[in-house]
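Summary of structural features
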Amino acid sequence: MAKEMTKIMVTGSVGQIGSELTMALRKKYGNDNVLATGHKTKPSPELCDSGPFEFINVAQKETIEEVVKKYNIDTIYHLSAILSAVGEKNPKLCWDVNMNGTYNILEVALEHEMARIFIPSSIAAFGPETPLDNTPQETILRPKTMYGVTKVAGELLCDYYVKRFGLDIRGCRYPGIISYETLPGGGTTDYAVAIYFEAVKNKKYTCFVREDTRLPMMYMPDCLKAAIDIMEIDFSQLKHHSDFNVSAMSFSAGELADEIKKFIPEFTCEYEPDFRQDIADSWPNSLDDSAAREEWGWEPSYDLAAMTKDMLEALTKRHAEGKLNY
Ligand code: SER
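These numbers were taken from a predicted model, which means no experiment stands behind them. (Residues numbered from 1 in each chain as written. Predicted model: local features only at pLDDT ≥ 70, side-chain atom pairs only at ≥ 80, totals over all residues. Heavy atoms only, no water.)

Observations concerning the side chain of Ser 242
Inclusion rule: Helix numbers and strand numbers start at the N terminus; a helix is a DSSP run of H or I with at least 4 residues, a strand a run of E with at least 2. Within 3.5 Å is the distance limit for a polar contact, defined as a pair of N or O atoms, with the added protein rule that one can donate a hydrogen and the other accept it, and that residues adjacent in sequence qualify only through two side-chain atoms.
When you line up the elements, Ser 242 lands in the loop between helix H8 (220-232) and strand E12 (244-245). A polar side-chain atom of Ser 242 sits 2.9 Å from a polar atom in the side chain of Asp 159.

Right under this line is the structure:
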């Protein structure tokens, strides 16, 4: 029988996923039961005013331990990470935050007998030798970025802690996440977010990957749904733990621009690939997520058309109010 989750901590709560996941968890489990944590970046008033917030450094175990004890934490959503593009600029930092951070979270979870832990992986776990289309759950994992290396090692480490120590750890391989609340920080899939902001603000965008670059993507409501749903299923129903492929949609940069043009006909997109092209080229076009569908009922709601409508409505409203900070 799984232990009850009552006191939740979110790491990386100031980031793109963490900021929205914290608010969703507070709504579901109660504001006071969800501790938001971050490292240096100033949290939004929404995050601070709606519940507890603490600064930690996941690469320093004692800072995690301090807040775990203070708030009697029994569940962790570990979102803090250095993404792929920043990771290539600073591989050492990427290793330190992603690898030592994950190791510290797992050690603290073990020592403090956590009920459950969520640690996401990414499509960055794959590499150029991986089958590109409908990438299987079990496949070749030979990433060429430091971010990808830490994600594969993280998956393996999580599965080790499940098997060796009986910890309840869950995680999925997120594709590029698209949202309008908090911008992503230094990933390769960031163009798929920036294009919407620029389309609304300036009616033009210069994309840093080629027009034919196709990657798996997901809209934020589905991303949150995955994190929440995977944590609710009975542990005994899971055959996989930390490495579920999750898929929602897959499109090229050109198809994304065409979809935006349906709403903003004067929008133009140019393509000037930079170092992130090589990273994008090493990742799959689309994923086979049948294991997630079978084991915990994963089912996304948004495709490219539905997401684009929602993104543009939200951003247009924000722009009209003079609040489109980008
Ligand atoms: N969105 C991430 C990145 O681009 C992939 O997980 O780095």
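Overview of the site of the ligand
Formally: By convention in this text, a residue qualifies as near a molecule or strand provided that one of its non-hydrogen atoms is within 4 Å of it. Shrake-Rupley sampling with a 1.4 Å probe provides the accessible areas, and residues are treated as covered by the protein chains on show and by no other component. We call Asp, Glu, Lys and Arg charged. Ala, Val, Leu, Ile, Met, Phe, Trp, Tyr, Cys and Pro are nonpolar, and the rest, Gly among them, are polar.
In the region of the ligand, the neighbouring residues are Leu 83, Ser 84, Ser 122, Tyr 147, Gly 187, Thr 188, Thr 189 and Trp 283. One of the side-chain nitrogen or oxygen atoms of Thr 189 is found 2.8 Å away from a nitrogen atom of the ligand. Summarising the interface, the protein chains cover 93% of the accessible area of the ligand, which totals 240 Å² for the free molecule. The residue inventory of the shell around the ligand, partitioned by class, reads three nonpolar, five polar and no charged.

Concerning the sheet that holds strand E7 (residues 169-170)
This is how the line gets drawn: Pairing between two strands requires that DSSP report at least two bridges joining them. Residue contacts are counted whenever heavy atoms from the two residues lie within 4.5 Å of one another. An axis is simply a line fitted to the C-alpha atoms; with a helix, the fit covers only the stretch in contact. Between two such axes, the angle follows the N-to-C directions and lies from 0 to 180 degrees.
The strand order E3-E2-E1-E4-E5-E7 describes an open sheet built from six strands, whose pairing is parallel. The sheet terminates laterally at strand E3 (53-55) and E7, the two strands that pair on one side only. Bridge analysis of strand E2 (residues 34-38) against E3 gives three bridges, and the strand direction is parallel. Residue pairing for E3: Thr 37 is matched across the bridge by Glu 54. Helix H1 (residues 16-29) rests against strand E1 (8-11), E2 and strand E4 (75-78) of the sheet, and its axis sits at about 165 degrees to E2.

Quick notes on the side chain of Asn 57
Cut-off, in case you're wondering: Relative accessibility decides the category of a residue: with a 1.4 Å probe and only protein chains considered, values under 20% of the type maximum give buried, values over 50% give exposed, and everything between is partly exposed.
Among the structural elements, Asn 57 can be located in the loop between E3 and helix H3 (61-71). Taking the relative accessible area as the measure of exposure, Asn 57 reaches 18% and is therefore buried. At 3.0 Å, the side chain of Asn 57 forms a polar contact with the backbone nitrogen of Ala 59. Not counting residues within four places of it along the chain, the set of residues in contact with Asn 57 comprises His 39, Thr 63 and Ile 64.

Everything listed is a geometric property; what it means functionally is a separate question.
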